[in-house]
Amino acid sequence: MAKNGAGEPEVLLAFMFLLLCSCCTGDEHDLLLSIKNSMNDPLNQSLSNWNLSLSYCEWKGIACDNSSHVAKIELSGNNLSGKIPESFFRFPYIETIDLSDNQLSGGIPSNISSCLSLRHLNLSNNNFTGPLPRGSIPQLQALDLSNNMLSGQIPDEIGFLSGLEFLDLGGNDLVGKIPKSISNMTGLQILTLASNQLIGEIPRELGLLKSLTWIYLGYNNLSGGIPTEIGELTSLNHLDLVSNNLTGEIPPSFGNLTSLQYLFLYLNKLTGPVPRSIFGLQNLVSLDLSDNFLSGEIPELIIQLQNLEVLHLFSNNFTGKIPNSVASLPLLQVLQLWSNDFSGEIPKNLGRENNLTVLDLSTNTLVGKIPDTLCNSGCLYKLILFSNSLTGEIPNSLSRCSSLRRIRLQNNRLSGELPHGFSKLSLVYFLDLSNNHLSGTIGGTRGWEMPELQMLNFARNRFSGALPASFGSGVIENLDLSANGLSGEIPASFGDFSELMELKLSENKLSGEIPDELSLCEKLVSLNLSHNQLSGRIPTSLTQMPVLGQLDLSVNQFSGEIPKSLGEVESLIQVNISHNHFHGNLPSTGAFLAINSSAVAGNRLCGGDSTAGLPPCKGGKLQVWLLIVMCLLVALAAFVVSSLILVFVRKRNDNFEMRDNEVDGVWELELFDSKASKEIRIIDVVTSMRDENVISRGIASRGVLYKGKSGVSEFEFVMKEVSGIDSVPTEFWTELGKLKHPNIEKVIGVMRSKKCGFWVSEFVEGQSVSEVFRGMSWDRRRKVALGIAKALRYLHCKSMGSSVGCELSPEKIIVDGKDEPRLRLRSPGRICTDAKTFVSSPYVAPETREAKDTTEKSDIYVFGLILIELLTGKTPADTEFGLQESIVEWARYCYSDCHLDTWVDPTVKGTALSNHQNEIVETMSLALHCTADDPMARPCASDVVKTLESVIRPTYCVFGLNCSSTI
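Residues numbered from 1 in each chain as written. Predicted model: local features only at pLDDT ≥ 70, side-chain atom pairs only at ≥ 80, totals over all residues. Heavy atoms only, no water.

What counts here: UniProt positions are given in the numbering used here, feature names are shortened, and annotations may be inferred rather than shown by experiment.
In the nomenclature of an unreviewed UniProt entry, the protein corresponds to Protein kinase domain-containing protein from the organism Rhododendron griersonianum. We quote the UniProt Subcellular location (unreviewed entry) comment for the protein here in full: "Membrane".

Given below as structure tokens:
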């Protein structure tokens, strides 16, 4: 095929040359001025000196040859916009055109092939659309059209560019197969077609391009086997075929690639063993075969890879022992073998001769002891060995490993005492040793100096003695010491843990009273002190904790009466006080309403409703008569007030009548907040329904959001219209009133009639995320993202059921003056909005468009979209994505090709890239996990929070590598 077309380009070139002589002899000065007039220079810097006061050879971005002809136009990274004019390709002697990293759009001019002298053309990182240009430029050596929105197929005529040495078409919307004519480029050295939508098999003809040093075909939909002929490219340095649908085995011919340094085949469907010939590639620096279906054992031949720095084999089906020779790879920094079926012991000398920074061997069946040489490099910061069958003690050497930041050794059989210096690892922020056989003390004379510690889990071990007074950290958020043998009192100094959100001390031998100082932990959401020997009364100070949601005091020796104020804690959802010595009345408010009998059993309590299963309190008959009288009086008062309101409403204009000509009913106002009950009346809600109070509207003026104000004070609230209220179960309103979280709107009541109603929530002074985030630094955006994630975790994992959802979109999330986001809640009833709007919203998961219903996984998808928006400044509704399917596909390319400066929002690019580069990359990785097509592949909200909290820590990543790790 190549031979048959050999003469045709020559005739075409001759014709083009004659054409060039007639059309390219115009004044180059005039051509440059026409270019200036057709392009927008917003900063007035790039083209500011393009005027008659200077020779055009002195203009910025212009270089001339010895004959004063324009030889180079270089205007990269100048924020130029507009369409590229044909004038660019009418310079008869031009050799280089570089317009990369701008905001240029439109199609690439068709006269590009008229520049017969052109050698280098770089239009990358713009917004060009349309098909690839056709034609031949005989002297062209480098063509870079990457990171645009070009579409269509790669034309067969691309083979006419036979002089190309560099070709990058990655990051576009190209479809179809890779043309075989590409094999005509016999001098090609760099080939990048990654992050398109290419299909079919990889052409075997690539094996003819003997000069190739770099092949990057990742993130497409290529299928079939990997051609054996690629093994004939002995000059190849970098081979990347990741994230396709490639099947079959890795060709043994790859053993011929003696110059290969980087081999990336992860995220495919490859099977079989790793060819032994691979382990003869002595120049390999990074080998990533993760996320496939590879099997077999890893041979000791791996010792030949003396230059290897990164080895990723995780998420496969490998068996056998980890080869001892891995310990003899002197440059090895990252070793990740998690989620396989490796057995036997960890190589005894691992780390002695290596330069380890990351070691993850979790979720295998490893046995034996942890080697004491793992941190010999002094650089190990991530040690993850959980879910194996490791035994023995934690090596003392690890307590001297000052570089450690993240340690996960849970779910093993480790024993012995915690090494003394282990509590002085000053950089560790995540430490999980739970579910082992560790013993000894963790308090007493042991000093804790871990100022970065955020998460500590020692649960289900055999630790004894007193609790430590401190862990040397003012930022600890999660502390779990449950199911040990700890004794003594709870230190009052625990009240200094100002960031603490979860405290679990259950199943120990703790005694004494609950210290009042514990109430100083104002962010504490969950407190579990069950199954101890604690005594005394419940401190009334606990009732002052603003976000306490779960309280478990069961199976202790507490006594006295239950503080009535405990039933007035608005945030409290779950309470368990069973099997203590409490007596007296059970509070009949808050979390004690409809409490299960098992949560109060084993005491001497009385009262409560029928679900509590308690006997009536003494004097019950008198109380019943008083209750009946009170109910009659309340009913009479309600009837009078309702009648007055009904008359008032009917006298008002049509804005306050029931919609859809429904018959008015009696309004009922139920308030969940004690403060609000003193401030808000039915009349306040009704009179707030004015046009000037509208915050937002749904379709056809339904689903209106109003701002209201109390008639007796300055108290402000928001009311949201809800229709179909008769179909909303009563339990929903009960649950709604119990939801308390700093990042979720506080619902303070509901006003309803038979057919419609409003729920009433606190008014938050602020703006929506979509309004404010563009003026935020990366640190502030990260805080907003973490707040949203924590709210989702609370709704998904902490709330009593799944009926309450939230409205996830940047327009609906309010950010207050402290950069704390507040999510608006969504009713399970027929909210007064149009279903078409719901389905057409850009902030909807793919499966939601079909089912027209949201789930926890669909919430995670939308959160991923918001993360992408915070990172890039682009929204799912933006139009410049052209023919691309979605912002998610665009983001996947951005992440995979590591062009950080091309996709990070320009308003935060400067500081973000200089101070937070790894953080940005890992956050985008999380966003892409959240937006996985398969809902089951998306993380849960709890894992999202953990990941976001961990990415602010330093991480190790090599350019172009798959930096995945178990979290």
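From this point, things continue past the structure.
### Examining the sheet that holds strand E23 (residues 317–318)
Condition: By definition, two strands form a pair when at least two bridges between them are found by DSSP. The numbering of helices and of strands both runs from the N terminus, where a helix is a DSSP run of H or I of at least 4 residues and a strand a run of E of at least 2.
Strand order in the open sheet formed by three strands is E19-E21-E23, with parallel pairing between adjacent strands. Edge positions in the sheet fall to strand E19 (271–272) and E23, since each has one partner strand and no second. As defined by bridge partners, E19 adjoins strand E21 (residues 293–296) across two bridges and the pair is classed as parallel. Each residue of the ladder has a partner; that of Thr271, found in E21, is Phe293.

### Overview of the state of the cysteines
Defined as follows: In this description, the term disulfide denotes a pair of cysteine sulfurs within 2.5 Å. Each residue's exposure class comes from its accessible area (1.4 Å probe, protein chains only) as a fraction of the maximum for that residue type: buried when under 20%, exposed when over 50%, partly exposed otherwise.
A full pass over the atoms with the stated rule returns three disulfides. Disulfide pairing is shown between Cys375 and Cys401; the S-S distance is 1.9 Å. For the disulfide bridge between Cys375 and Cys401, the dihedral angle about the S-S bond is near 70°, and by the sign convention the bridge is right-handed. Linking Cys375 in the loop between strand E27 (365–368) and strand E28 (382–384) with Cys401 in the loop between strand E29 (389–392) and strand E30 (406–408), this pair joins segments that are 26 residues apart in sequence. Since its relative accessible area comes to 13%, Cys375 is described here as buried. Taking relative accessible area as the criterion, Cys401 reaches 1% and is therefore assigned buried. In this model, Cys606 is linked to Cys617 through a disulfide, with the two sulfur atoms separated by 2.0 Å. Disulfide Cys606-Cys617: the torsion about the S-S bond is 95°, which places it as right-handed. Remark: Cys617 occurs in the loop between strand E46 (604–606) and helix H3 (620–651) and Cys606 occurs in strand E46; sequence separation between them is 11 residues.

### Some details on the pattern of salt bridges
Stated precisely, the cut-off is as follows: When a carboxyl oxygen of Asp or Glu lies within 4 Å of a side-chain nitrogen of Lys or Arg, that pair is called a salt bridge.
Enumeration according to the criterion identifies 15 salt bridges in this entry. Ionic pairing is found between Glu86 and Arg90, a salt bridge with its closest N-O pair at 3.2 Å. When its relative accessible area of 37% is taken as the criterion, Glu86 is described as partly exposed. By relative accessible area, which is 31% here, Arg90 ends up partly exposed. Its salt-bridge partner being Arg780, residue Asp819 comes within 2.8 Å of it at the nearest N-O pair. Taken as a pair, Asp819 in the loop between strand E55 (814–816) and strand E56 (821–822) and Arg780 in helix H8 (residues 778–798) lie far apart in primary sequence, 39 residues in all. The class for Asp819 is buried, based on a relative accessible area of 11%. When salt bridges with common partners are traced through the structure, they connect Glu762, Asp816 and Arg822 into a single cluster.

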